[in-house]
Amino acid sequence: MSEQARDAVGDYRYGFHDPEHATIRFDKGLSEQVVRDISALKNEPEWMTEVRVKAYHHFNERPMPKWGNCSELNNIKFDDVTYFLRSSKQTEKNWDDVPEDIKNTFNRLGIPEAEQKWLGGVTAQYESEAVYHSIREDLEAQGVIFLDMDSGLKQYPDIVKTYFGTVVPYSDNKFAALNTAVWSGGSFIYVPKGVHVEMPVQAYFRINAKNMGQFERTLIIADEGSSIHYVEGCTAPTYSTDSLHSAVVELIAMKGAKIRYSTVQNWSSNVYNLVTKRGVAYENSTIEWVDGNIGSKLTMKYPSVLLRGEGAHAEVISVAYAGEGQHQDAGAKVHHLAPNTTSNILSKSISKNGGRSSYRGMLQVTPKASGCRSKIVCDALLLDEHSRSDTYPTMEVGNSTADLEHEASVSKISGDQLFYLMSRGFSEKEAMGLIVNGFFEPFTRELPMEYAVELNKLLELEMEGSIG
Amino acid sequence: MKMGEEVLRIENLHVSVEGVEILKGLTLTIHKGEIHAIMGRNGAGKSTLANVIMGHPAYEITQGSIHYMSKPLDELEVFERARAGMFLSFQYPAVIPGVQVGTFLKKSTQSVRQVELSARDFRKELKDAMGMLNMDSSFLSRYVNDGFSGGEKKRLEILQMLLLQPKLALLDETDSGLDIDALKIVAQGINMVAPLAGCLIITHYQRLLDHVKPDYVHAMIDGRIVESGGPELAVKLEEQGYEWLEQHQ
Ligand SMILES: Nc1ncnc2c1ncn2[C@@H]1O[C@H](COP(=O)(O)OP(=O)(O)O)[C@@H](O)[C@H]1O
Ligand SMILES: [Mg+2]
């Protein structure tokens, strides 16, 4: 990055942007016509167009949530958002065919390198659509489907029609409605019975244009006894005006299957990140959300699991880092709908320089769900007096046999810890970096190594700006 | 015996915490290769002395001075003191959750010694030191002091001392809570570092001094050194306590 660019974006390493080269760019603003145009452009089946239009009307009618950071939500100018932007004519299978500067961007983000070293497949989405997509041949040979969502709909319309919107219906919330109306891109994955995808597959989402809205839609189905680990990353340039990222992710884990969904969200601080992520877990299956929120202006995201089959298990590990001008409103929701289901929720947040992080959690046990176990741990670390952390836990327990544990703590870095580390040669910033990395360790150790290293570096960098 | 270079010189040191004077005019000089032991009852100000030498921000020097390597220490931050070769083995080492001992040791060794150690060289050095202290390699993947027993904490302190190769070693009750075998191991560590450093050992008991021969023993009461002598003073303090010194005052 040039000095100038560096000055402009401060410590955020991914704040650079490419010149825009749209092949198709819609005018700003949202209308039924925009929704129909997106669908027409993609040659979608009629039913999808209809779902989109219904969702659009629901979005219009539905009021903004009355909870969370309402004042910030009300600042979103939906008329200023670009709802569709195609930057490459097609999704390429070879990086060399991807337009030069887009390819360079992903190079800079380390995606092709990671692909070669440790991934089973990659989707790279730039603005509204995937510009690159590949899957290892051996996985394809085993019948694993990994496509961008648009191609998924084209090639497997029946599967998509069966499951689309079943986990997150458009009526779920205002932003799920928005996503359903204007969705574009995202991943479509189907893992056949008994197939274990050993290497993680990754999707990377990049917003480049100003005032862009990115609305990817992801659907992952793991058939009986199968397993997959999906990793997503995201970044955007730093602009003085805002962008909107509003995704919907639906996971379906059939009997005995396991899905792990890992996210490292590192949007620039001008992005509203309002995402609905939910999974359904059937008998003896496992869904794990490993969810890291480092960037964005406002994130509202509560990965959820519906434990629908006996013996199903949910695991949600989330961390949030809220720096200056940021609000991370994150958490987890788990619904125990069947007997002997179990869940673990670990949420960790760090607030610094006036940043705010909130834990919002929901734990439900229905009357017929006997013998359930759940453990919730929320730890917040405040790095100064101006920063803030709150927790909003909700529990609805309808079965007295449930075994529930809930622990919450708010802490500060102690003078003793700093003194100890400094007496071992670490500067104050380095000491803070170590403590912060240690605090997030239960999360980072769950990430693929490359991500963990990257995240630790990122947090150390964040600490450097902190002390006068 | 030829005297080594001067490592630490404290003159008429007065130190306050939150407005209360704890050290009330303490004077002490340590040369390279010397082992000094300070003994005193709980609350005498021993840890305060160790902390203020290391630069703890809570302690205010109201009078007097500390020189390290013949230079005044005033302006040096804690980590700069560490990098200049000062080391404190803590009476109560802090817990750093989530930070693995191995990572921590490598980073701190690099910070203090200001060298890029190859992974291989460092591993070898670490393995030797841990072998000497009878520490299992499983230590390395645990989190710093998290869930450690008293003895394990003290051993980790000594391991750090060996790796950081200090010029001034301050050991604050490193012998407390150790069984006799652990005590011998810790003593061995101190004896390895001692010839190349000035050592200040803070202790309640004579028993560590059976294994680490002090050149000087000082008795501390209420923020002052009231009596200094050779190893025989430690024996006397252990047998007779401190009353005889108080009457003295
Ligand atoms: N950080 C501190 N804040 C307040 N009082 C302190 C602090 N450190 C030490 N003191 C007080 O100073 C006195 C000496 O304590 P300390 O140096 O720990 O003694 P020793 O190590 O000899 O037992 C005690 O009365 C103790 O309460
Ligand atoms: Mg003490």
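Residues numbered from 1 in each chain as written. Chains lettered and ligands numbered in written order. Predicted model: local features only at pLDDT ≥ 70, side-chain atom pairs only at ≥ 80, totals over all residues. Heavy atoms only, no water.

Q: Help me understand the interface of chain B and chain A in this model?
A: Much of the literature gives interface size as the accessible area that the parts lose upon coming together. Listed as interface residues are 32 residues of chain B and, on the opposing side, 19 residues of chain A. Summed over the shared surface of chain B and chain A, the result is three salt bridges. Close ionic contact of Arg424 of chain A with Glu157 of chain B constitutes a salt bridge, the shortest N to O distance being 2.6 Å. Here chain B is connected to chain A by 12 residue pairs in polar contact (both at pLDDT 80 or more). (Contact = heavy atoms within 4.5 Å. Salt bridge = Lys/Arg side-chain N within 4 Å of Asp/Glu carboxyl O. Polar contact = N/O pair within 3.5 Å; in protein donor to acceptor, adjacent residues only side chain to side chain.)

Q: How do you make sense of the site of ligand 1 when you look at a structure like this?
A: Residues and elements named next belong to chain B. For ligand 1, the full set of nearby residues is Val17, Glu18, Ile22, Arg41, Asn42, Gly43, Ala44, Gly45, Lys46, Ser47, Thr48 and Tyr59. Within the backbone of Ala44, one N or O atom sits 3.3 Å away from an oxygen atom of ligand 1. Take Tyr59: an N or O atom from its side chain is 3.0 Å from a nitrogen atom of ligand 1. Calculation on ligand 1 without its partners gives an accessible area of 550 Å², and the protein chains cover 62% of this total. Tallying contributions element by element places helix H1 (residues 46-54) first for the shell around ligand 1, with three residues. (Near = heavy atom within 4 Å. Areas by Shrake-Rupley, 256 points an atom, 1.4 Å probe, with all protein chains shown as cover. Helix = DSSP H or I, 4+ residues; strand = E, 2+ residues; numbered from the N terminus.)

Q: I would appreciate a short explanation of the domain arrangement of chain A in the present structure.
A: Residue and element names in this part refer to chain A. The domain boundaries assigned to chain A delineate domain 1 (9-301) and domain 2 (423-468). For domain 1 and domain 2, the distance between their C-alpha centroids amounts to 28 Å. Summed over the shared surface of domain 1 and domain 2, the result is one salt bridge. For the pair domain 1 and domain 2, the number of links is two residue pairs in polar contact (both at pLDDT 80 or more). Looking at the side of domain 1 that touches domain 2, the elements with two or more residues in it are strand E10 (227-235), strand E13 (258-265) and strand E15 (286-293). Tallied by class, the residues present in the side of domain 1 that touches domain 2 amount to six nonpolar, seven polar and five charged. (Domains from an automatic or database assignment. Nonpolar A, V, L, I, M, F, W, Y, C, P; charged D, E, K, R; others polar.)

Q: Hey, could you run me through the pattern of salt bridges in this one?
A: Once their charged atoms are close, side chains differing in charge can pair, the charge on each being opposite to the other. Applying the stated criterion across every chain yields a total of 34 salt bridges over all chains. Close ionic contact of Asp138 of chain A with Arg136 of chain A constitutes a salt bridge, the shortest N to O distance being 3.2 Å. Residue class for Arg136 of chain A comes out partly exposed when judged on its relative accessible area of 34%. For Arg9 of chain B, the salt bridge is made with Glu6 of chain B, and the minimal N-O distance between the two is 3.0 Å. Within this structure, Lys258, Arg260, Glu288, Glu441, Arg445 and Glu446 of chain A form a network of salt bridges that share partners. (Buried < 20%, exposed > 50% of the residue type's maximum accessible area, 1.4 Å probe, protein only.)

Q: Would you mind showing me how to read helix H4 (residues 119-132) of chain B here?
A: Each α-helix winds once per 3.6 residues, and so residues spaced three or four apart point in a common direction. All names here are of chain B. In this model H4 runs 20 Å from its N-terminal to its C-terminal C-alpha over 14 residues, within 8% of the 20 Å that 1.5 Å per residue would give. Those residues of H4 that fall on the buried side of the exposure criterion are Phe122, Leu126, Ala129 and Met130. The buried residues of H4 all sit within an arc of 95° when viewed along its axis, so they share a single face. H4 presents Arg120, Lys124, Lys127 and Gly131 as exposed residues on the side facing more than 90 degrees away from its buried surface. Looking at the buried positions of H4, the neighbouring elements they touch are helix H3 (101-113) and helix H5 (150-164). (Expected span 1.5 Å × (residues − 1). Arc of directions from axis to C-beta.)

Q: I would appreciate a short explanation of the coordination of the magnesium ion (ligand 2) in the present structure.
A: Each donor-metal-donor angle in an ideal tetrahedron of four donors is 109.5 degrees, and each such angle in an ideal octahedron of six donors is either 90 or 180 degrees. Residues and elements named next belong to chain B. Surrounding the magnesium ion (ligand 2) are the protein donor atoms Ser47 (OG) and Gln91 (OE1), which sit 2.0 to 2.2 Å from the metal. In this pair, Ser47 sits in helix H1 while Gln91 sits in the loop between strand E6 (86-89) and strand E7 (96-100), placing the two residues 44 residues apart along the sequence. The exposure class assigned to Ser47 is partly exposed, which follows from its relative accessible area of 23%. (Donors = N, O, S within 2.8 Å, 3.2 Å for Na, K, Ca; no water.)

Q: Explain the confidence of the model for chain B here, please?
A: Note: predicted coordinates in regions of low pLDDT should not be interpreted at a detailed level. Looking at chain B as a whole, the pLDDT averages 93, with 98% of positions reaching at least 70. Listed scores for the predicted complex are pTM 0.90 and ipTM 0.97. (pLDDT = per-residue confidence, 0-100.)

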